[in-house]
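The chain contents come next:
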Amino acid sequence: MRILVVGGGGREHAIIKKLKENPSVTEIFALPGNGGIAKDATCVDIGAKDIDKITEFAVANAVDYAVVAPDDPLVLGCVDALEAKGIPCFGPRANAAIIEGSKVFSKNLMKKYGIPTAAYEVFTDMDAALTYLETAPIPTVIKADGLALGKGVIIAMTRDEAKDAVRSMMADKVFGKSGDQIVIEEFLTGPEVSVLSFTDGKTVVPMISSMDHKRAGDNDTGLNTGGMGTVAPNPYYTDAIAAECMEKIFLPTIAAMNAEGRTFKGCLYFGLMLTPNGPKVIEYNCRFGDPETQVVLPLLESDLLTVMQATTNGTLAETEVKFANKNACCVIMASKGYPTAYEKGFEMTIPEAIWGNVYVAGASLKEGKLLTNGGRVLGATAIADSLEKAIEGAYDMVKTIHFDNAYYRNDIGAKALKAGRN
Ligand code: AMP
Ligand code: GLY
């Protein structure tokens with residue numbers, strides 16, 4: 001089997017490493033991949049949003065199956081384009097990827113089908129939004145409608161902050177057209193849980209739960225990032241909560257998408273908040289999370305390609321999806337300064353013995369040397385029988401990896417460890 005993976009971050013590296021475990025996989029192309037992924041796949045210099053070139057490449061290279069991992073190509077219709085050429089894909093079509101592509105769509109979907117989420121209002125007019133904010137409960141949450149590189153959500157602690165956020169989105173257009181419409185929603189509190197799921201549009205199979213660490217600094221301080229580390233499972237996500245989420249959120253979402261004529265196939269990511277009034281949806285993503293994937297897939301005991309193909313073929317109900325009864329911790333090493341300004345081009349050394357546990361997010365390969373090439377550089381994942389040991393293992397690995405200006409959080413998993421002990 002010749003497989004094509006669209007994307008080039010740590011998540012894609014984790015997907016590729018898992019796909020390689022299947023002996024029928026003879027070749028994996030990563031478009032564009034990165035310098036680290038190049039050790040495990042054939043990287044091709046085609047951008048993840050260049051749908052025409054991706055499709056052309058897939059046809060010319062007789063690709064048997066394609067995995068479209070990032071949000072942008074999914075929302076832009078990469079799966080539709082590949083399918084039109086007869087190439088089966090893992091991932092939703094554009095009409096279903098809208099569940100992530102438009103916050104207005106997803107909020108209205110949840111309201112229409114009674115799926116628990118924060119109360120909200122939609123605004124297309126800035127003055128109306130500013131007037132609403134005169135009396136809205138504070139803190140409040142302002143969300144740009146469209147994709148915004150994960151930066152389109154602002155938690156405003158004061159009325160002025162909320163108004164500034166609205167002006168920056170709707171007048172200054174900091175997120176371009178993504179800010180033409182905005183959602184202003186109720187501020188919720190409670191532990192956050194990420195639940196990725198496989199679905200073929202009929203059956204939904206949640207993967208092992210996980211916890212992201214979004215802030216740049218220890219103790220959840222500093223700016224929001226793409227994710228500084230993850231643990232799985234998430235100790236807050238008990239069996240009782242999982243059953244409640246299946247009944248009130250997961251199954252109703254799959255049914256709602258079908259009822260709208262937007263059957264979702266692929267990985268549907270539920271970003272949940274366990275509020276005092278029960279679990280609520282904070283966001284849907286139409287894809288694997290990053291860096292959740294780097295702890296979830298290493299715990300998958302079933303063959304990833306087989307499960308992915310079952311989502312495409314509609315045979316998920318008959319397919320085994322099994323996770324190890326273990327814990328995983330992934331610590332992200334970033335470039336100092338991320339998520340704002342940082343330098344790149346520093347040589348990286350990664351001991352060969354831990355390569356299997358390393359997922360490279362931002363690196364280039366020059367004359368055989370791996371150089372840093374992004375804000376988030378890599379993640380190291382350890383698996384163990386306890387969360388404590390997984391955390392220890394991940395940090396032990398991180399300490400053996402070197403590059404100038406390396407930065408990582410020192411407390412990945414600490415909150416989960418505390419919660420697990422209560
Ligand atoms: P998102 O980009 O949708 O993942 O949102 C980023 C982060 O903002 C989430 O992970 C939450 O921590 C936070 N957030 C989003 N919506 C709300 C809300 N309604 N109440 C409190 N926090 C929120
Ligand atoms: N880790 C959050 C995301 O992938 O959107």
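Preceding this section is the structure that the text describes.
What counts as what
Residues numbered from 1 in each chain as written. Chains lettered and ligands numbered in written order. Predicted model: local features only at pLDDT ≥ 70, side-chain atom pairs only at ≥ 80, totals over all residues. Heavy atoms only, no water. Helix = DSSP H or I, 4+ residues; strand = E, 2+ residues; numbered from the N terminus. Contact = heavy atoms within 4.5 Å. Polar contact = N/O pair within 3.5 Å; in protein donor to acceptor, adjacent residues only side chain to side chain. Near = heavy atom within 4 Å. Areas by Shrake-Rupley, 256 points an atom, 1.4 Å probe, with all protein chains shown as cover. Salt bridge = Lys/Arg side-chain N within 4 Å of Asp/Glu carboxyl O. Buried < 20%, exposed > 50% of the residue type's maximum accessible area, 1.4 Å probe, protein only. Axes fitted to C-alpha atoms, helices over the stretch in contact; angles between N-to-C directions. Parallel < 35°, antiparallel > 145°, perpendicular 65-115°, else oblique. Left-handed = near helix turned anticlockwise from the far one by under 90°. Nonpolar A, V, L, I, M, F, W, Y, C, P; charged D, E, K, R; others polar. Phe/Tyr/Trp six-rings, centres within 6.5 Å; stacked < 30°, edge-to-face > 60°. Pairing = 2+ DSSP bridges. 1 Å grid on protein atoms, 1.4 Å probe; cavity = no way out; pocket = protein on both sides within 12 Å on 5 of 7 lines; lining within 4 Å. Points joined across faces, edges and corners; volume = space filled by probe spheres on them.

Engineer: I'd love a proper account of the environment of Thr-319, names of residues and values included.
Structural biologist: Secondary-structure assignment places Thr-319 in the loop between helix 11 (304-313) and strand 18 (327-335). Sequence separation between Thr-319 and Glu-367 is 48 residues; the distance between their C-alpha atoms is 44 Å. Contacts of Thr-319, omitting those with residues within four sequence positions, involve Thr-306, Val-307 and Ala-310. A polar contact is formed between the side chain of Thr-319 and the backbone oxygen of Thr-315, at a distance of 2.7 Å.

Engineer: Explain the site of ligand 1 to me, and be specific about the residues and the numbers.
Structural biologist: Taken together, 15 residues form the shell around ligand 1, and within it Glu-185, Glu-186, Leu-188, Glu-192 and Glu-283 come nearest. Side-chain polar atom of Lys-143 to a nitrogen atom of ligand 1: 3.0 Å apart, as the coordinates give it. At 2.9 Å, a side-chain N or O of Lys-214 approaches an oxygen atom of ligand 1. Calculation on ligand 1 without its partners gives an accessible area of 480 Å², and the protein chains cover 89% of this total. The set of elements that each furnish at least two residues to the shell around ligand 1 consists of strand 7 (140-144), strand 8 (153-156), strand 9 (182-186) and strand 17 (278-285).

Engineer: Please set out the pattern of salt bridges residue by residue, giving values where relevant.
Structural biologist: Taken as a whole and assessed by the stated rule, the structure comprises 23 salt bridges. Note that Asp-180 and Lys-173 form a salt bridge whose closest N and O atoms lie 2.5 Å from each other. Taking the shortest distance from any N to any O, the salt bridge between Glu-244 and Lys-248 comes out at 3.1 Å. Residue Glu-244 and its partner Lys-248 are located together in helix 9 (residues 239-259), separated by four residues, close to a single helical turn. A residue is classified by how much of its surface remains accessible, and Glu-244, at 25% relative accessible area, is partly exposed. Each of the salt bridges in this network shares a partner with another, and the network as a whole consists of Asp-220, Arg-409, Asp-411 and Lys-415.

Engineer: Tell me about the packing of helix 12 (residues 387-398) against helix 13 (residues 414-421), and please be specific about residues and values.
Structural biologist: Between helix 12 and helix 13, the least distance of the axes is 10 Å, while the angle of their chain directions is 165 degrees. Compared by their axis directions, helix 12 and helix 13 come out roughly antiparallel. Remark: the crossing between helix 12 and helix 13 carries left-handed chirality. Facing Leu-387, Glu-388 and Ile-391 of helix 12, the residues of helix 13 in contact are Ala-414, Ala-416, Leu-417 and Arg-421. Of the residues in the contact of helix 12 with helix 13, the class split is five nonpolar, no polar and two charged.

Engineer: Run through the packing of aromatic side chains, naming residues and quoting values.
Structural biologist: Centre distance and the angle of the planes are the two values used to describe a pair of aromatic rings. Considering all chains together, one arrives at eight aromatic pairs under this definition. Where Phe-29 meets Phe-57, the ring centres are 5.0 Å apart and the plane angle is 80 degrees; that geometry is what we call edge-to-face. Within this pair, whereas Phe-29 is found in strand 2 (residues 27-32), its partner Phe-57 is found in helix 2 (residues 51-60), the two being separated by 28 residues in sequence. On the basis of relative accessibility, which here comes to 6%, the residue Phe-29 falls in the buried class. Among the residues examined, Phe-57 registers a relative accessible area of 14% and is labelled buried. With centroids separated by 6.0 Å and ring planes inclined at 50 degrees, the aromatic side chains of Tyr-395 and Tyr-408 adopt a geometry described as tilted. Of this pair, Tyr-395 sits in helix 12 while Tyr-408 is found in the loop between strand 23 (406-407) and helix 13, placing the two residues 13 residues apart along the sequence. The class for Tyr-395 is buried, based on a relative accessible area of 8%.

Engineer: Describe the sheet that holds strand 11 (residues 204-206), listing the residues and the values that go with them.
Structural biologist: Two orientations exist for strands paired in a sheet by backbone hydrogen bonds: parallel and antiparallel. A sheet is described by the order of its strands in space; here four strands give the open sequence 11-10-16-17, paired in antiparallel fashion. Only two strands of the sheet have a single partner each, and these edge strands are strand 11 and strand 17. When the angles between neighbouring strand axes are averaged without regard to direction, this sheet yields 35 degrees.

Engineer: Kindly report on the pairing of strand 17, identifying the contributing residues and their values.
Structural biologist: With seven of eight residues buried, strand 17 lies mostly within the body of the structure. Across seven bridges, the pairing between strand 16 (residues 266-275) and strand 17 is antiparallel. Paired with Leu-272 across the strands is Val-281, a residue of strand 17. The antiparallel hairpin formed by strand 16 and strand 17 contains two residues in its connecting segment.

Engineer: Just give me the short version of the site of ligand 2, but keep the residues and values in it.
Structural biologist: The full set of residues close to ligand 2 is Asp-212, Tyr-269, Asn-285, Arg-287, Gly-289, Asp-290 and Glu-292. Between Arg-287 and ligand 2, the recorded distance is 2.9 Å, taken from a side-chain N or O atom to an oxygen atom. In this structure, a nitrogen atom belonging to ligand 2 sits 2.8 Å away from a side-chain N or O atom of Glu-292. Taken by itself ligand 2 offers 190 Å² of open surface, and the protein chains cover 87% of this.

Engineer: Outline empty space enclosed by the protein, supporting the account with residue identities and numerical values.
Structural biologist: Throughout the structure, instances matching the rule amount to one cavity of 30 Å³ or more. Computed from the structure, the largest cavity encloses a volume of approximately 70 Å³. Surrounding the largest cavity, Ile-99, Glu-100, Lys-103, Ser-106, Lys-107, Met-110, Lys-143, Ile-282, Glu-283 and Tyr-284 form its lining. Only helix 5 (94-101), helix 6 (103-113) and strand 17 provide two or more residues apiece to the lining of the largest cavity. Per-element accounting of the lining of the largest cavity gives the leading share, four residues, to helix 6. Class assignment for the residues of the lining of the largest cavity results in four nonpolar, one polar and five charged.

These figures come from the coordinates and say nothing about function on their own.
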